[in-house]
Each structure stands twice: as C-alpha cells, then as structure tokens.
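# Per-entry structural report
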Amino acid sequence: MRNKILIAVALLFSLGSCKDYLDVVPDNVPTIENAFSLRNTAEKYLFTCYSYIPRNGDYIEDPAMRGADELWTLHTDHLSILMAKGFQNVVDPYFNFWSGRKTGKPLYQGIRDCNVFLENIDKVVALDDEERARWKAEVLFLKAYYHFYLLRMYGPIPLIEENLPISVGVEEAKVERKSIDECVNYIVKLLDEAIISLPVNIQAEATELGRITKPIAMSIKGQVLIMAASPLFNGNPDYKNFKDNKGVALFGDTYDPEKWKVAADAIKEAIDVAHQNGNKLYYYSENDPASVLLSAETNLKLNIRNSITAKWNPEIIWGNPNIRVTENQKQAQARLDGNVIGLSTTGSTLSPTLRMAEMFYTKNGVPINEDNTWDYQGRFALKKATTNEKYYIKEGYETVKFHFDREPRFYADLGFDGSIWYGQGKKTDTDNWYIQAKTGQYSGPIQTGQYSTTGYWAKKIVNIENVYSGTSSYTIVPYPFAEIRLADLYLLYAEAYNEYYGPGDEAYHYINLVRKRAGLETVQDSWTAYSNSPTKFTTKSGLREIIHQERAIELAFEAKRFWDLRRWKKAVSALTYPVQGWNIRQETAADFYKVSTIYNRTYNFKDYLWPIMELDLISNNKLVQNPGW
C-alpha cells in the first residue's frame, strides 16, 4: 500500500513540493510574532526545522560513507579521506556539526529553531488541535534527532532544553556538557513525547510525504538506546577520567547489562509498529512482474540492490528527505562499453576495498576463512568462468577464484573485473553488461580521475533504472537515502537480544529473515554444515561476531558501519589496516590480480569522539575538550 511506505519520497521527486518543503526562511517575516500569526508562515517555520536534517548518505557531506573500511577513492582531498588519513584537527574540524562548518550542518542552530517553534506554535489561531499536536510532535522529534546526532559524534553534549532570553548575562549563556546518561534520557524523553501525537503513516501523500511518522520516531529511539547500551558509551573504562569543568564524570564507570534489554524492547516495538504499517523486507519478485523472466540468481541480486534503490520500497521506514542519491550513483557506476573516450558522466571513483570484498560470505553463508569446503589458501589463483557462473561472471572470462562461489550479496553489491552488471538499459539474462577492469580495457583507468582505485565498484547503490550510454549522458534515476530500513532493525534487535539474553530462537529468527532474503540458509544450518567453528552461533561471543559481520554485509555502503565500529569500540583495530585493491595498472590477469596497498591507514583512540573547535572552547570556558584532542 503506497500510502504506508517510504515516508520521504514525494517531496524529492515532485519539484513543486520539494521547493515548498525546502523553502526554509518564511517570506517577509520580520518578527517571531509575525512568523506565528498565520498558519502558512508557521508551516514554513516547521519546514525550517526540517531543513537541518543532515545529508546522510552523501559521499561528500556524510563522514560515514567513506569513513570506515568499505570505500576508498581517488579524491584524496575530500574531507572524509583526509579524516581517514588522520588529518582531523581542533582548529577547524572536518564535518563540524556543532558549529556548522566544513560540510557540517549547524545542529545547535537547528535545535534553537526547534525551540522557537515549540515556544510559539500555540500562538497560531487558524490551526486545529490535532494538527497543532502533530506539528509539535514532529519538531520534538527533530529536536531529539539533532541532539542524538551530536551525541553520537561528540559524546556528552550540552542539552538545549529551551532557548535563553536575550537579556541573559554572558556567563549564564555559557552551557556545559551533560553526562551520557543525562543526554540519552533527555533524548528518549523527547521521542516518547513525540511518538504520542505522530501519525502511523502519511495519508495526504501529494502534500505531506517527507514528514516524520511514529515508526520513524520509534526506530530512532531504538538506535539511541542501542548506542547507549554499546561498549563505547556503556561503562567505558577508557573515559573514567573524562569530567566536566567542575570535576563531574561525563561517563558512567559501571557496565549496565539492563541497557541492552531496554534497547531490545524499544527496537521490537518499532518493528511491530513498522509491520502494522505495512513495512516488510523487499523481494523483487513481489514488486515487479518482470521477475518471472529472470533467473533465480538475478532475482536474488535484485532483492538486494532494489531494497535501497527502488522507489516506494516497502522496506524503507525513513527515506532521508534532504538527499536525492544522484552523485553517489555517478561515482559508483563503472564504464560498461568501449565508446567512452571523453565521456565524463560516469565517475567510477567510489571504490570498495579488498577488505570489504573479503567480508562477504561464501555461497554456503559463512566467512571465507571459516568455510571448510572453500579454497581459502588458493583464493588468488586464476580461474575461467563457465556456464555455471554465467549470471554472476561473464562466461569464459578469466578472474580469480576469490570471485567464485560467493554469496548473492557479493555479486549484488560489487562490480569487479568480469562481473555481470544487470540493468542500466539492459534487463535480460541473455544480454547484460559486464566489467573489463584491466588497463587498456574500457572499465579500467582510462580517464584521469575517473576510475576505481581498487578494481571494485559499489554496484549496490546504483539504481537499475538508470540508463547507461557510451555516446550520451548517463541518465540517473534518483532515490532517497535509506536512513532506516527494516533489515537494519532486524539485525539491531538480534544484536540487543543476544547481548542480554544470549543466543536463542528469537535472535536467530530475525537474522535468518535477512539471510533468507539474500538466498542463504539459516545461521544454524550454515555454521553446523560448513564452518570450521560449527558451534560458534551457540555462544554469546560467537553470535555477536556473526551479527557484526552480518550487519557489515547487509548494510554495506549505507553509512552504517562507520557508526557501528565506533559504538562497538572496534574502530581502532578495524580501521588500522592497509587499504588494498588489485594492481589496476596492469594489462594481464596474472599481473592485475596481485594485491596492491593503496594507503596504510591508522585510527587512534581520540578519533572515537569528534573534537570541539578551539574557538568554541575559547568562547565558552564551561566546555571541556574530548580526550586526546
């Protein structure tokens, strides 16, 4: 049912409504009183509050897109790569969402605008009680979300519960950071207040798509609580001496397992409401009649690709209203034929790392270094594809064994030398594009600054409806970034459940729903039959490792892993590694398929929390800097 899915799309794909939605400054409104004297000017102020939503999923503006170990790029001057190389700083920090600098949105300004709205919305006369309550709930959500976003980045933050009067003294205007628990409790309180009056779904699609709903708010509440339960924020001994300017501890020093139960309960409630709203895992065969003309292998790949790129997708709980995924697609699209000299409409620079390619399972649904039937030691030997692999690899093409007998998500998410690329104007199993990535071949490093630096492409984020042409402009069909989708909630719930209760049918059930959609057997069956650690799923630590890898695979290139690694306190170990790919400047398979190190990356303890800009510390001596900065 279209009125129950993908909350944020219409405003993105209707020029008129998108313009109104982003018209964030009320026209000819010199005073707050005038702004809230009429319904239409008050509504514009509501949209002002929405306008601060960060552009998550944008490869330029979102640090999480390239901040983990998933993607690298030729553009080494981009802020996310500079940050990944260790050049973050306190003088003018990258992605400064505190002050609104270096591509960061000014979220504290957004919070102040939310407070202005909440303080004045009751002045609007021409507004019925139900609509007023809903508008308040939306802004309460936005206020909570902006606090959450800052908390996730900076750790303990000042809470701006209400705006100070203009007459307040300088010292009174200086705010101080609150403890992690105080921040979490306040954010959850705001969300609980918002949830009461938010609609379950959007009825007036033509004018209101893009507005916050109950499932969105409940999902964000679950994310806040699982962050609070995770090792970075839950009794982290590394921060036991992190105190404010009065000597008050900002982090608790005792691990509280009950936080996992609170998170699990909240996420399960969000899942139940999403189900009631009609949200479900996306299957291509249920959404496109053309699926009957395709092989089972291609249908599996499209289950996965379309779960984030298909418009009106029933799996999407929140599509980010402030980003249309366009430029990302251009930078992820490989050149697919030889008529491309001088063509500048495919960037090809969003390059998955070899580390990410290793992350995907074998066809048996277990890690490549655990599968007792898969030749891990011989994975870099050359092999020619046969008719058995024709839906995944070009028949007769020579590549490495590493690319054979992998799970469907490997072939859905990644483009690589010899791989089939479905869509882009070709939608059959008999006539498909495929990649030729070596030097001198059309997908290889032909044009300066427009090729994959690793020999892989992030195919997953490219819409199959785009039309590729070697002789004219590449036609891109945009889609809203999937801020929250159901598979994400399923895996979060399994994680929280396992951390509190340990392995059990409830956790297995939700992991296995995601695996089934990806064409895999259950965790229990796969590990028992194929893993050299056949009982791994029966222990809390073992299932934790499985869930972490399942999230890395299922949510690849969706800007989730960066935050996951931080909250799990695994970023230092995971992100101190050599960024590697293939030796792309070679013409033969024997030379091309040699592992090449692009950059030796390090990640330090201080990088877990963003630095506060020095100028802000000078302006407000009640603030304290984050550890290590």
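The structure displayed is predicted, hence computed values, not measured ones. (Residues numbered from 1 in each chain as written. Predicted model: local features only at pLDDT ≥ 70, side-chain atom pairs only at ≥ 80, totals over all residues. Heavy atoms only, no water.)

### Some remarks on the overall build of the protein chain
- What the protein chain contains, in helices and strands, is 26 helices and 12 strands.
- Relative to its length of 629 residues, the protein chain is compact, with a C-alpha radius of gyration of 25 Å against a globular reference of 25 Å.
- Each of the three principal axes of the protein chain carries a C-alpha extent, and together these read 75 × 50 × 50 Å.
- Relative to its full complement of 629 residues, the protein chain shows a buried share of 61%.
- Summarising the internal contacts of the protein chain: among those between residues at least 6 apart in sequence, 71% fall at separations of at least 24.
- Element-wise, carbon and sulfur atoms account for 50% of the exposed surface of the protein chain, whose accessible area totals about 22,900 Å².
- Placing the 72 positive and 77 negative side-chain charges of the protein chain at their respective mean positions leaves the two points 3 Å apart. (Helix = DSSP H or I, 4+ residues; strand = E, 2+ residues; numbered from the N terminus. Rg over C-alpha atoms; globule rule 2.2 N^0.38 Å. Buried < 20%, exposed > 50% of the residue type's maximum accessible area, 1.4 Å probe, protein only. Contact = heavy atoms within 4.5 Å. Areas by Shrake-Rupley, 256 points an atom, 1.4 Å probe, with all protein chains shown as cover. Lys, Arg positive; Asp, Glu negative; His and termini not counted. Charge placed at Lys NZ, Arg CZ, Asp CG, Glu CD.)

### Re the pattern of salt bridges
- Counted by the stated rule, this structure contains 42 salt bridges.
- Ionic pairing is found between Lys 460 and Glu 558, a salt bridge with its closest N-O pair at 2.7 Å. Residue Lys 460 is located in the loop between strand 9 (456-458) and strand 10 (480-485), and its partner Glu 558 is located in the loop between helix 22 (540-554) and helix 23 (561-567); the two are separated by 98 residues in the primary sequence. One exposure class covers both Lys 460 and Glu 558, and it is buried.
- A salt bridge links Arg 567 to Glu 495; the shortest N-O distance between them is 2.8 Å. Of this pair, Arg 567 sits in helix 23 while Glu 495 sits in helix 19 (residues 486-501), and the two are 72 residues apart along the sequence. Of the two residues, Arg 567 and Glu 495, neither departs from the other in class, the shared state being buried.
- It is possible to trace a salt-bridge network through shared partners that takes in Glu 315, Glu 407, Arg 409, Lys 460, Arg 485, Arg 515, Arg 517, Glu 550, Glu 554 and Glu 558. (Salt bridge = Lys/Arg side-chain N within 4 Å of Asp/Glu carboxyl O.)

### A closer look at the packing of aromatic side chains
- Considering all chains together, one arrives at 46 aromatic pairs under this definition.
- Ring geometry for Phe 36 versus Tyr 45: centroids 5.2 Å apart, planes at 40°, classification tilted. Neither Phe 36 nor Tyr 45 differs from the other in exposure class; each is buried.
- An angle of 65° between the planes, with centres 6.1 Å apart, marks the rings of Tyr 145 and Tyr 149 as edge-to-face. You can see Tyr 145 and its partner Tyr 149 sitting in helix 8 (residues 129-154), 4 residues apart, about one turn around the helix.
- Using a relative accessible area of 1% as the deciding quantity, one classes Tyr 145 as buried.
- Its relative accessible area of 0% is what places Tyr 149 among the buried residues.
- Taken together, Tyr 52, Phe 97, Phe 141, Tyr 145, Tyr 146, Phe 148, Tyr 149, Trp 318, Phe 562, Trp 563 and Trp 610 form an aromatic cluster joined through their ring pairs.
- The aromatic ring of Tyr 149 is capped on one face by Arg 152, whose charged end is 5.0 Å from the ring centroid. (Phe/Tyr/Trp six-rings, centres within 6.5 Å; stacked < 30°, edge-to-face > 60°. Lys NZ or Arg CZ within 6 Å of the ring centre and 35° of its normal.)

### Examining the side chain of Thr 346
- Along the chain, Thr 346 falls in the loop between helix 16 (327-332) and strand 3 (351-352).
- Using a relative accessible area of 0% as the deciding quantity, one classes Thr 346 as buried.
- If we skip the residues at most four places from it in the chain, Thr 346 touches Lys 330, Gln 333, Arg 335, Gln 450, Tyr 468 and Tyr 474.

### Topic: the packing of helix 7 (residues 107-120) against helix 8
- Between helix 7 and helix 8, the shortest axis-to-axis distance is 9 Å and the interhelical angle comes to 160°. As judged from the angle between their axes, helix 7 and helix 8 are roughly antiparallel. In this structure, helix 7 meets helix 8 at a crossing whose hand is left-handed. The segment helix 7 lies against helix 8, with Leu 107, Tyr 108, Gly 110, Ile 111, Cys 114, Asn 115, Phe 117 and Leu 118 engaging Trp 135, Lys 136, Val 139, Leu 140, Leu 142, Lys 143, Tyr 146, His 147, Tyr 149 and Leu 150. (Axes fitted to C-alpha atoms, helices over the stretch in contact; angles between N-to-C directions. Parallel < 35°, antiparallel > 145°, perpendicular 65-115°, else oblique. Left-handed = near helix turned anticlockwise from the far one by under 90°.)

### A closer look at the packing of helix 20 (residues 505-517) against helix 22
- For the pair helix 20 and helix 22, interaxial distance at closest approach is 12 Å and the crossing angle is 30°. Taken together, the axes of helix 20 and helix 22 are roughly parallel relative to one another. Relative to helix 22, helix 20 is oriented so that their crossing is left-handed. Residues Ala 507, Tyr 508, Ile 511, Val 514, Arg 515 and Arg 517 of helix 20 form the contact with helix 22, whose own contacting residues are Leu 543, Ile 547, Glu 550 and Glu 554.

### Examining unusual backbone geometry
- In this structure, Phe 557 takes a positive phi of about 65° despite not being glycine.
- Summarising the element assignment, Phe 557 is placed in the loop between helix 22 and helix 23.
- Taking the relative accessible area as the measure of exposure, Phe 557 reaches 2% and is therefore buried.
- Look at Ala 559: it is not a glycine, yet its phi comes out positive at around 65°.

### Concerning helix 19
- Spanning 16 residues, helix 19 covers 22 Å between terminal C-alpha atoms, matching the ideal 22 Å at 1.5 Å per step.
- Along helix 19, 14 of the 16 residues are buried, which leaves the element largely enclosed by surrounding structure.
- Backbone geometry just after helix 19 places Gly 502 at a positive phi near 90°. (Expected span 1.5 Å × (residues − 1).)

### Some words on helix 10 (residues 180-197)
- For helix 10, built from 18 residues, the straight-helix expectation of 26 Å at 1.5 Å per residue is met to within 8% by its first-to-last C-alpha distance of 27 Å.
- Taken together, the buried positions of helix 10 are Ile 180, Cys 183, Val 184, Tyr 186, Ile 187, Val 188, Leu 190, Leu 191, Ala 194 and Ile 195.
- Packing partners of the buried residues in helix 10 comprise helix 8 and helix 12 (214-229).

### Quick word on the side chain of Asn 463
- When you line up the elements, Asn 463 lands in the loop between strand 9 and strand 10.
- When its relative accessible area of 3% is taken as the criterion, Asn 463 is described as buried.

### Regarding the confidence of the model for the protein chain
- This prediction gives the protein chain a mean pLDDT of 91; 93% of its residues lie at or above 70.
- Confidence drops under a pLDDT of 50 for residues 1-26, and excluding neighbours within four residues, the segment shows 74 contacts in the predicted structure. (pLDDT = per-residue confidence, 0-100.)

### As for the environment of Val 125
- Its place among the elements puts Val 125 in the loop between helix 7 and helix 8.
- Here Val 125 falls in the exposed class, since its relative accessible area comes to 73%.
- Separated by 88 residues in the primary sequence, Val 125 and Ser 37 have C-alpha atoms spaced 7.3 Å apart.

### Remarks on the state of the cysteines
- Under the definition given, this model contains 0 disulfides.
- Among the cysteines around Cys 114, which has no disulfide bond, Cys 49 carries the closest sulfur, lying 4.0 Å off.
- Overall, the relative accessible area of 0% leaves Cys 114 in the buried class. (Disulfide = S-S within 2.5 Å.)

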